[in-house]
Amino acid sequence: MGHDDPATTVQELTTDAEWDAAVPLLRQLWSDADPSFVRSWREEDGYHLFGLYVQGPDPATLVGVVGVSVQRVLHHRRHAWVHDLVVDEPRRSEGFGAELLAFVERWATERDCEYVALANHRDNEAALRFYEDAGMERWGYVIEREC
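Residues numbered from 1 in each chain as written. Predicted model: local features only at pLDDT ≥ 70, side-chain atom pairs only at ≥ 80, totals over all residues. Heavy atoms only, no water.

1. Details of the overall build of the chain
Turning to step 1, where the next piece is worked out: Scanning the chain from terminus to terminus reveals four helices and five strands.
Turning to step 2, where the next piece is worked out: The N-to-C order of helical and strand elements in the chain reads β-α-α-β-β-β-α-β-α.
Turning to step 3, where the next piece is worked out: Taking contacts inside the chain between residues at least 6 apart in sequence as the whole, the part at least 24 apart equals 55%.
Turning to step 4, where the next piece is worked out: Here the chain has roughly 9500 Å² of accessible surface; of this, 47% comes from carbon and sulfur atoms. (Helix = DSSP H or I, 4+ residues; strand = E, 2+ residues; numbered from the N terminus. Contact = heavy atoms within 4.5 Å. Areas by Shrake-Rupley, 256 points an atom, 1.4 Å probe, with all protein chains shown as cover.)

See the structure below:
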């Protein structure tokens, strides 16, 4: 696992309480997003949000989240698109991000996906290094314009 915590679990977040617990973590990635907007992602077709929990003596602690869906865009055939992957800032560099990414790869394989893909913000060099160190390759650029 790469971290010193005794046990972790990944589970899909499906209840209001689980989503409410995930919003502060998601806002570490999407700091300009309003909490109600982040909660609205729950209504998106095909979007799945998973939480990584560290087991403790009391309730487990949510240390990271990953939002994914199955897509068919870009040069990929069927692939898992990572919308969001964030580990709580005080717990970064403990191996939890790699654990979440490995979970997504297993999840994708179970759904007959050929790739795992994502977009990385151009100013987030630390995240880009993380993904490249995890064996992911840059394929191209996301180009966009507001309508």
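2. Remarks on helix 3 (residues 96-110)
Turning to step 1, where the next piece is worked out: Under the 1.5 Å per step criterion, the end-to-end length of helix 3 is 21 Å for 15 residues, consistent within 8% with the ideal 21 Å.
Turning to step 2, where the next piece is worked out: Taken together, the buried positions of helix 3 are F96, G97, E99, L100, L101, F103, V104, W107 and A108.
Turning to step 3, where the next piece is worked out: Backbone geometry just after helix 3 places D112 at a positive phi near 60°. (Expected span 1.5 Å × (residues − 1). Buried < 20%, exposed > 50% of the residue type's maximum accessible area, 1.4 Å probe, protein only.)

3. Remarks on the pattern of salt bridges
Turning to step 1, where the next piece is worked out: The full count for this structure, using the stated rule, is five salt bridges.
Turning to step 2, where the next piece is worked out: Here R39 ties to D20 by a salt bridge, and the two come within 2.8 Å at their closest N and O atoms. Placement of R39 in helix 2 (residues 35-40) and of D20 in helix 1 (residues 16-29) is noted, with a sequence separation of 19 residues between them.
Turning to step 3, where the next piece is worked out: Taking the relative accessible area as the measure of exposure, R39 reaches 36% and is therefore partly exposed.
Turning to step 4, where the next piece is worked out: Residue E110 pairs with R111 through a salt bridge whose shortest N-O separation is 3.4 Å. (Salt bridge = Lys/Arg side-chain N within 4 Å of Asp/Glu carboxyl O.)

4. Side note on the sheet that holds strand 3 (residues 61-71)
Turning to step 1, where the next piece is worked out: If you walk across this open sheet you meet the five strands as 1-2-3-4-5, and the pairing is mixed. A strand with exactly one partner marks an edge of an open sheet, and here the two such strands are strand 1 (8-12) and strand 5 (115-118). Geometrically, the sheet is characterised by an average inter-axis angle of 30° between neighbouring strands, direction not taken into account.
Turning to step 2, where the next piece is worked out: Pairing analysis gives five bridges linking strand 1 to strand 2 (residues 48-54), with the strands arranged antiparallel. Note on strand 2: the bridge partner recorded for T9 is Y53. (Pairing = 2+ DSSP bridges. Axes fitted to C-alpha atoms, helices over the stretch in contact; angles between N-to-C directions.)

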